[in-house]
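Below are the chains, spelled out letter by letter.
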Amino acid sequence: MTVRPLRVGVIGLGWAGQQHLEAYRAIRGVEVVALAGQEADLLAELGRRHEVPATFARWEDLVELPGLDAVSIAVPTWLHAPIAVAALRRGAHVLSEKPIARTGDEAQTMVDAARAAGRVLDVVFNHRRRGDVMALSDLIARGAIGRPYYARASWLRRNGIPRLGSWFVNEEMSGGGPLVDIGVHVLDWSLHLLGEPRVLSASAATYSELGPRGRGGGDRDTLTHETSAYEVEDFASAFLRLEGGGTLALETGWATYRDPVDVMDFTVYGTEGGAEWRAVGATDVPVADVQVFTERGGHPADHTITAQPGRAHQAVVEEFVDVVRGDPGTWSAHDGSHALTRARVIDACYRSAREHREVAL
Ligand SMILES: NC(=O)c1ccc[n+]([C@@H]2O[C@H](COP(=O)([O-])OP(=O)(O)OC[C@H]3O[C@@H](n4cnc5c(N)ncnc54)[C@H](O)[C@@H]3O)[C@@H](O)[C@H]2O)c1
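Residues numbered from 1 in each chain as written. Predicted model: local features only at pLDDT ≥ 70, side-chain atom pairs only at ≥ 80, totals over all residues. Heavy atoms only, no water.

## As for the packing of aromatic side chains
Stage number 1. Tallied over the entire structure, the rule returns six aromatic pairs.
Stage number 2. The aromatic ring of phenylalanine 125 is capped on one face by arginine 342, whose charged end is 6.0 Å from the ring centroid. (Phe/Tyr/Trp six-rings, centres within 6.5 Å; stacked < 30°, edge-to-face > 60°. Lys NZ or Arg CZ within 6 Å of the ring centre and 35° of its normal.)

Pasting the structure below:
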């Protein structure tokens, strides 16, 4: 029996879009039938290399293509909602890059569109596929550290503003700085590890100290350079109160005077043990060891788990494809609401920072 291939369109040619493209190409029975982006040479080159039959400069034209089963969105954040809503209304399933959108209200329009269309809306949270996060997730879910009551997590860079002048630093296009960009990953892996507790309130502070002075720019090869003024924060910290009495402290920064080697980490204290992982070198280091601190028979039984590297975008895209090709009865569980929850928390953090007070969710 021949199964009809899944026909996918990818929008965006930057680092993120290329991860999607390569991940789909590696899955049997998936055809990337369309690609869109504004860099004409790169569009032609990627189209040739990945044997994509239709290429477009404008996302609007890709979404109109008849017979598309799914669309991947890897463009600047202000375009996530209009593209997702248009694609969902035309009956396509959608995989959007993180953050789902600039704000919770914008994200809500995407979730509403997915529910109305009865289609899948998944959002890429590739860092929860890190080997260290997966190993610690198993450990916590097995009850090995008891009830987690406090956690802290961060992603910090010294010179990591994705690119000074690009859409990332333009408030209207990005919705914010590191808090909404990389902080959403930190929030995601933390809530995931803690078992998805509801966030009750947020108290946060944001700073914009280096970016506006032209400092802290990274060398990331971001494609779109609108030469925007620096309008967003470059560092943020937040303290979240969780359902059940737990608390979570987050730090995220694109640029601060700190060790030049980037770091991502997570520490948790539970009633029967604690654990932490710390990836020094961050994005270049796909996995860290997980340290576990616990007792057996009243004696320390600390140990280290050596985690395997995760599969990042490949794993996310494969799961999306599996869900889309699977039982339609499972689609409603993939309506983007997980990502919407994170967007609401980030909204509360920005509001708390603006109003200098704790904000309830
Ligand atoms: N999950 C991750 O690890 C990860 C990493 C990097 C970026 N991202 C996310 O991916 C998205 C894109 O980031 P990037 O770094 O690849 O950006 P980028 O600026 O490098 O690329 C953006 C792409 O969008 C295209 N684009 C812009 N407007 C368009 C339009 N009207 N029609 C068609 N194409 C259009 C551009 O031509 C370009 O190809 C962002 O939402 C970002 O947050 C996720």
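On we go.
## Observations regarding the environment of alanine 84
Stage number 1. Here alanine 84 lies in helix H4 (residues 80-89).
Stage number 2. Along the chain, alanine 84 and alanine 229 lie 145 residues apart, while their C-alpha atoms are 28 Å from each other.
Stage number 3. If near-sequence neighbours (up to four positions away) are discounted, alanine 84 is found in contact with Ile73, Val94 and Met110. (Helix = DSSP H or I, 4+ residues; strand = E, 2+ residues; numbered from the N terminus. Contact = heavy atoms within 4.5 Å.)

## Thoughts on the domain arrangement of the chain
One widely used convention gives an interface's size as the accessible area the parts lose upon coming together.
Stage number 1. Per the domain assignment, the segments of the chain are domain 1 (6-126 + 313-334) and domain 2 (131-309).
Stage number 2. Spacing between the C-alpha centres of domain 1 and domain 2 amounts to 26 Å.
Stage number 3. With 14 residues of domain 1 in contact, the opposing surface of domain 2 contributes 12 residues.
Stage number 4. A combined buried area of about 1,200 Å² lies between domain 1 and domain 2, and 63% of that area is made up of carbon and sulfur atoms.
Stage number 5. Its largest share of buried area at the contact with domain 2, domain 1 owes to Lys98, Arg102 and Phe125, together 41% of the area lost on that side.
Stage number 6. The interface formed by domain 1 and domain 2 contains two salt bridges.
Stage number 7. Among the salt bridges present, the one from arginine 102 reaches glutamate 172, with a minimum N-O distance of 3.6 Å.
Stage number 8. Where domain 1 packs against domain 2, one counts three residue pairs in polar contact (both at pLDDT 80 or more).
Stage number 9. Taken together, the residues that form the side of domain 1 that touches domain 2 break down as eight nonpolar, three polar and three charged. (Domains from an automatic or database assignment. Buried area = accessible area lost by both parts, 1.4 Å probe. Salt bridge = Lys/Arg side-chain N within 4 Å of Asp/Glu carboxyl O. Polar contact = N/O pair within 3.5 Å; in protein donor to acceptor, adjacent residues only side chain to side chain. Nonpolar A, V, L, I, M, F, W, Y, C, P; charged D, E, K, R; others polar.)

## Quick word on the side chain of histidine 185
Stage number 1. In this structure, histidine 185 sits in helix H9 (residues 183-193).
Stage number 2. Given a relative accessible area of 6%, histidine 185 falls into the buried group.
Stage number 3. Leave out the neighbours within four places in its chain, and histidine 185 touches Lys98, Val124, Phe125, Asn126, His127 and Trp155. (Buried < 20%, exposed > 50% of the residue type's maximum accessible area, 1.4 Å probe, protein only.)

## Topic: the nonpolar core
Stage number 1. If you look at the biggest cluster of nonpolar residues, it comprises 91 residues, and the most contacted ones within it are Trp189, Leu240, Phe266 and Trp277.
Stage number 2. A per-element tally of this core places helix H11 (residues 337-355) first, with eight residues.
Stage number 3. Those residues in contact with tryptophan 189, other than ones at most four positions away along the chain, are His127, Val133, Ala153, Ser154, Trp155, Met264, Asp265, Phe266 and Trp277.
Stage number 4. Ranked by size, the runner-up nonpolar core spans 25 residues in total, among them Ile27, Leu95, Val321 and Trp331. (Core = buried A, V, L, I, M, F, W, Y, C linked by side-chain atoms within 4.5 Å.)

## Here's the deal with the pattern of salt bridges
Stage number 1. Counted by the stated rule, this structure contains 23 salt bridges.
Stage number 2. One salt bridge in this structure joins arginine 25 and glutamate 51, with 3.2 Å as the shortest N-O distance. Remark: glutamate 51 occurs in the loop between helix H2 (40-49) and strand E3 (54-56) and arginine 25 occurs in helix H1 (residues 15-25); sequence separation between them is 26 residues.
Stage number 3. Overall, the relative accessible area of 37% leaves arginine 25 in the partly exposed class.
Stage number 4. For glutamate 51, a relative accessible area of 59% corresponds to the exposed category.
Stage number 5. Between lysine 98 and aspartate 181 there is a salt bridge, with the nearest N and O atoms lying 2.8 Å from each other. Here aspartate 181 lies in helix H8 (residues 178-181) and lysine 98 lies in the loop between strand E5 (93-96) and helix H5 (104-117), a separation of 83 residues in the sequence. With respect to burial, lysine 98 and aspartate 181 carry one shared label: buried.
Stage number 6. When salt bridges with common partners are traced through the structure, they connect Arg128, Asp188, Glu196 and Arg342 into a single cluster.

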